[in-house]
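Here is how the chains run, residue by residue.
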Amino acid sequence: MDPAALETEPRVPPERRTRGWLVAVGAAVPFAVAALLSPVRESVTVATVSLLLVVVVVAVSASGHRVAGLVAALSGGAWFDFFFTQPYGSFTIADADDVEVTVLLVAIGALVGELALWGRRQQRRASVREGYLEGVLQAAELISLHDQPVDVLAASVGRQIAEVLGVPACRFVARPTHDPRNAVLARNGSVTRNGHPVDVDRHGLPVDEDTVLLVRRGAEVLGHFVLTSASETAYPTLEQRKVAVLLADQVAAALTRR
């Protein structure tokens, strides 16, 4: 095959391949569990089978993929119906009690899966907050070294601000004035442009102009960071924007001492 042709073939992103694999697992594993238990269905209780299938759903949902968790819950309910409700080997349910058990299995599996996802999100948020705190502490430690030039300190803090806000670049300008067309990130985390508030959660940071984060000592402006979003819109949360302000305060403290 021509190497040039290989280069033009579309590539599937790794994230999409991972999602597809998880959805396939969510569909296949409940089937495998139910099929393995079906030969001994006369000696196991319905409650035991249901709990095992719920455990499978939770295990799939723990991956953090909601669709895979829902597919696992639906798959568990379908194969429970197929293997453990009469008539066996059919998706038809003759007994109203079996219908109730199947519906509850899907509902409980989906609910427990959502709880597992919620727990992962909370853990992720805690990890992110820990990362923010670590960044602020590193900035404070670096600034405490008085032999470091201010431009080196500001460049280091600028990289941390860019990482926190998810913007491509952040540079420090050691003068109080800035382009009035630029949006301004205030101390409370709000963003304004030409005196009008910007809904960052909905529209993100402006991409046609830079955003300015002022470095203040009280009412005095010592300089400013210029945040460049370029063509890719960044949607930093209010918490992220406040962390960026806190990082900028570290540079203000360094400038004040020199």
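None of these values were measured; they are calculated from a predicted model. (Residues numbered from 1 in each chain as written. Predicted model: local features only at pLDDT ≥ 70, side-chain atom pairs only at ≥ 80, totals over all residues. Heavy atoms only, no water.)

Participant: Whenever I open this one, helix 3 (residues 46-61) confuses me. Can you help?
Facilitator: For the α-helix, the turn length of 3.6 residues means that residues three or four positions removed from each other point alike. For helix 3, spanning 16 residues, the distance from its first C-alpha to its last is 23 Å, which sits close to the expected 22 Å at 1.5 Å a residue. Within helix 3 the residues assigned to the buried category are Val49, Ser50, Leu53, Val54, Val56, Val57, Val60 and Ser61. The arc that holds every buried residue of helix 3, seen down its axis, measures 155°, which confines them to one face. Along helix 3, exposed side chains directed more than 90 degrees from the buried face belong to Leu51, Val55 and Ala59. (Helix = DSSP H or I, 4+ residues; strand = E, 2+ residues; numbered from the N terminus. Expected span 1.5 Å × (residues − 1). Buried < 20%, exposed > 50% of the residue type's maximum accessible area, 1.4 Å probe, protein only. Arc of directions from axis to C-beta.)

Participant: Please clarify how the environment of Ala107 should be interpreted in this entry.
Facilitator: Within the secondary structure, Ala107 is located in helix 5 (residues 96-143). Since its relative accessible area comes to 43%, Ala107 is described here as partly exposed. Sequence-wise, Ala107 and Leu74 are 33 residues apart; in three dimensions their C-alpha atoms are separated by 8.9 Å.

Participant: Is there a simple way to explain the packing of aromatic side chains in this structure?
Facilitator: To describe a pair of aromatic rings, one takes the distance between the centres and the angle between the planes. Going through the model one piece at a time under the given rule, you end up with seven aromatic pairs. Considering the side-chain rings of Phe31 and Phe83, the 6.1 Å spacing of their centres and the 45° angle between planes classify their relative orientation as tilted. Of the two residues, Phe31 sits in helix 2 (residues 14-37) while Phe83 sits in helix 4 (residues 66-84), which places them 52 residues apart along the sequence. Overall, the relative accessible area of 36% leaves Phe31 in the partly exposed class. Here Phe83 falls in the buried class, since its relative accessible area comes to 12%. Ring geometry for Trp79 against Phe83: centres 5.9 Å apart, planes inclined by 35°, an arrangement best described as tilted. In this pair, Trp79 and Phe83 both sit in helix 4, four residues apart, roughly one turn of the helix. Chaining the aromatic ring pairs together yields one cluster made of Phe31, Trp79, Phe82 and Phe83. (Phe/Tyr/Trp six-rings, centres within 6.5 Å; stacked < 30°, edge-to-face > 60°.)

Participant: Sorry, what's going on with the packing of helix 3 against helix 4 here?
Facilitator: Helix packing for two helices is described by the angle between their axes and how far apart those axes are. One way to put it is that helix 3 packs onto helix 4 with a least axis distance of 8 Å and a crossing angle of 160°. Taken together, the axis directions place helix 3 and helix 4 in an arrangement best described as roughly antiparallel. Like other packed secondary-structure pairs, helix 3 and helix 4 cross with a definite hand, here right-handed. Contacts from Val46, Val49, Ser50, Leu53, Val57, Val60 and Ser61 of helix 3 reach helix 4 at Ala68, Gly69, Ala72, Ala73, Gly76, Phe80 and Phe84. Grouping the amino acids of the contact of helix 3 with helix 4 by side-chain chemistry returns 10 nonpolar, four polar and no charged. (Axes fitted to C-alpha atoms, helices over the stretch in contact; angles between N-to-C directions. Parallel < 35°, antiparallel > 145°, perpendicular 65-115°, else oblique. Left-handed = near helix turned anticlockwise from the far one by under 90°. Contact = heavy atoms within 4.5 Å. Nonpolar A, V, L, I, M, F, W, Y, C, P; charged D, E, K, R; others polar.)

Participant: What exactly am I supposed to notice about unusual backbone geometry here?
Facilitator: A negative phi angle is the norm for most residues apart from glycine, just as the trans form is the norm for most peptide bonds. Notably, Asn194 is not glycine yet its phi reads approximately 55°, a positive angle. Position of Asn194 among the secondary structure elements: in the loop between strand 3 (191-193) and strand 4 (196-198). For Asn194, a relative accessible area of 57% translates into the label exposed.

Participant: I tried to follow the pattern of salt bridges on my own but got confused; where do I start?
Facilitator: Pairs can form between side chains of opposite charge whenever their charged atoms are close. Across all of its chains, the model carries five salt bridges by this definition. Arg181 serves as the salt-bridge partner of Asp179, at 2.7 Å between the closest nitrogen and oxygen. Two residues, Arg187 and Asp249, come together in a salt bridge whose shortest N-O distance is 2.8 Å. Of this pair, Arg187 sits in the loop between strand 2 (183-185) and strand 3 while Asp249 sits in helix 8 (residues 238-256), and the two are 62 residues apart along the sequence. (Salt bridge = Lys/Arg side-chain N within 4 Å of Asp/Glu carboxyl O.)

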